[in-house]
Amino acid sequence: MLLRRVIPCLDVKDGRVVKGVRFVDLTDEGDPPTLAARHAADGADEIVFLDISAAPEARGTLLDVVERTAKRVFVPVTVGGGVRTADEMRDVLRAGADKVAVNSAAVREPEMLTACARRFGRQCVVISVDARAVPDEPGRWEVVIAGGRTPTGLDAIEWITRAVELGAGEVLLTSIDRDGTKEGFDLPLLRAAVAAVDVPVVASGGAGTPADMVAAITEGHADAVLAASIFHRGIHSIDSVKDALAAAGVPVRRSAAVAA
Amino acid sequence: MSGDRPSGIVVVDYGAGNLVSIRNALTLLGAAPTVATEPGQVRDAAVVLVPGVGASGPAMERLERAGLATAIRDAVGDGAWYVGICLGLQLLFDRSEEDGAEMLGLLAGEVVLIADAPRLPHIGWNQLDIVRPDPLLDGLADGAPAYFVHSYVARPADRSIVLAETEHGSRFPSVIAQGRIVGYQPHPERSGVDGLRLLRNLLTVTGILGAGATEAIAQPVLVPEVA
């Protein structure tokens, strides 16, 4: 039986984790491989790095981060941020990433999804979509790009459908309205996306409690839940999220990392 | 016998995807894998590991063009171990529905889309249901989770080669073995402690690691960086 994934997301800028990820007993709080390894040991089913560096020269730094992570993390690693071409995707995969999430570049040039899927297989290609509710039009969301700053006029559900047709093998769907609010996921958005495509959908944006994660799966029908801030400062552990999921009857992978 | 071969275990590089993870995992476990891009490197190996992401058609094209497909068949005919991961397992069979590709044909059977799958690709952690105990599965609990990323699965002509199977809408082989041919549909190198255990078993069974190397895998995930 396919188990539902719990995925911590680390925002990486110029080779360092930003956005206040903190584990009390770590000396180097901002080192992405160290934090990724810690999350993996805590039972993370996958690690997502989202590179938010603005400068193009941060590229090499990111590849170094991925390489160092691959040496100590033996769960899947997905990398997003700034990948525009199949060659750039190759570099990230060869550094040790399992999947690459593309966002703005795919909106600007949708055919790149097809090129990447043809070359590496669709299972490597994640379409990352930031969606914002259209005011006064319930059930409609607009795609925003460039880190949520630039509206595109694209209908989010139509874009997701098209991106999957073009070659994306997974959808990472972030509600910009909920992102960082800890008010829970946008469940109608999730349901609409899950109904529109037959590839896995990862829910992102708004997780505040384990109960939110449960709702994303049992009510939003997501295949996986991604969160950043909920796991920071040890307020909620990955284990506590999995406890809540298991209690709700959702099949999850229990952490074996602490076993001798 | 592995000592007679200069290269031990090679990881075949045919130009797509993530070789780093499997190499790192093998290194962590005490093996010294080399990456093979040339037919000669494959022919000299005791264990030929074919990793896999990507699509069947392009993968077979690259293997054929580089002379690696022939080298793999020769090595296996000459007594080398073949270890396939994900697409590497699928490449063992006669042909695939994906791209209509002709595969290596080392095992009889076909590669087909997962029947009745609720969602494809099949991405995520799923359970290995043990069908037949084998040293390759030592220490693994029945139903242990492993990480899968694929849409196609093997349909072997000989069902007795199946060691474990997995369900995603329908059941398919997730670990197979026949003689010196071993295949994993999931990615052991991405499957946490259970995956590392599978690889440790593999290195022991294939003789890459001595019998003394079977102690428990300590602190499997929070591990020091590979040198």
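Residues numbered from 1 in each chain as written. Chains lettered and ligands numbered in written order. Predicted model: local features only at pLDDT ≥ 70, side-chain atom pairs only at ≥ 80, totals over all residues. Heavy atoms only, no water.

Asks: What should I look at first to understand the interface of chain B and chain A in this one?
Replies: Accessible area lost upon the coming together of the parts is a frequently used measure of interface size. Counting residues at the interface gives 44 residues for chain B, matched by 47 residues for chain A. Across the interface of chain B and chain A, roughly 3,800 Å² is buried in total on both sides, 56% from carbon and sulfur atoms. For the pair chain B and chain A, the interface holds three salt bridges. The shortest N-O distance in the salt bridge between arginine 190 of chain B and aspartate 98 of chain A comes to 2.8 Å. (Contact = heavy atoms within 4.5 Å. Buried area = accessible area lost by both parts, 1.4 Å probe. Salt bridge = Lys/Arg side-chain N within 4 Å of Asp/Glu carboxyl O.)

Asks: Explain the confidence of the model for chain B here, please?
Replies: In low-pLDDT regions, the fine details of the predicted coordinates are not to be read closely. Residue and element names in this part refer to chain B. Across chain B, the average pLDDT comes to 89, with 89% of residues at or above 70. Segment residues 1-6 is flagged for pLDDT under 50; beyond a separation of four residues in sequence, or across chains, it makes 13 contacts in the model. Counting contacts from residues 218-227, a segment whose pLDDT is below 50, to residues more than four positions away or on other chains yields 27 contacts. The ipTM assigned to the predicted complex is 0.90, against a pTM of 0.91. (pLDDT = per-residue confidence, 0-100.)

Asks: Please clarify how helix α3 (residues 56-65) of chain B should be interpreted in this entry.
Replies: Helical geometry note: an α-helix holds 3.6 residues per turn, so side chains three or four residues apart project in the same direction. All names here are of chain B. Taken together, the buried positions of α3 are Ser56, Gly57, Ala59, Met60 and Leu63. End-on, the buried residues of α3 take up no more than an arc of 165 degrees, which puts them together on one face. Of the exposed residues in α3, those oriented more than 90 degrees away from the buried face are Glu61 and Arg65. Just downstream of α3, glycine 67 is the residue with a positive phi angle, here 75 degrees. (Buried < 20%, exposed > 50% of the residue type's maximum accessible area, 1.4 Å probe, protein only. Helix = DSSP H or I, 4+ residues; strand = E, 2+ residues; numbered from the N terminus. Arc of directions from axis to C-beta.)

Asks: I keep staring at the packing of helix α3 (residues 86-95) of chain A against helix α5 (residues 111-120) of chain A and nothing clicks. Help me out?
Replies: Axis angle and axis distance: for two packed helices, these are the angle between their axes and the distance between the axes, and together they describe the pair. All names here are of chain A. Contact geometry of α3 with α5 gives a least axis separation of 9 Å together with a crossing angle of 45 degrees. The angle between α3 and α5 falls in the class oblique. Here α3 runs over α5; the crossing is right-handed. Touching Ala86, Asp87, Met89, Arg90 and Leu93 of α3 are Cys116, Arg119 and Phe120, all from α5. (Axes fitted to C-alpha atoms, helices over the stretch in contact; angles between N-to-C directions. Parallel < 35°, antiparallel > 145°, perpendicular 65-115°, else oblique. Left-handed = near helix turned anticlockwise from the far one by under 90°.)

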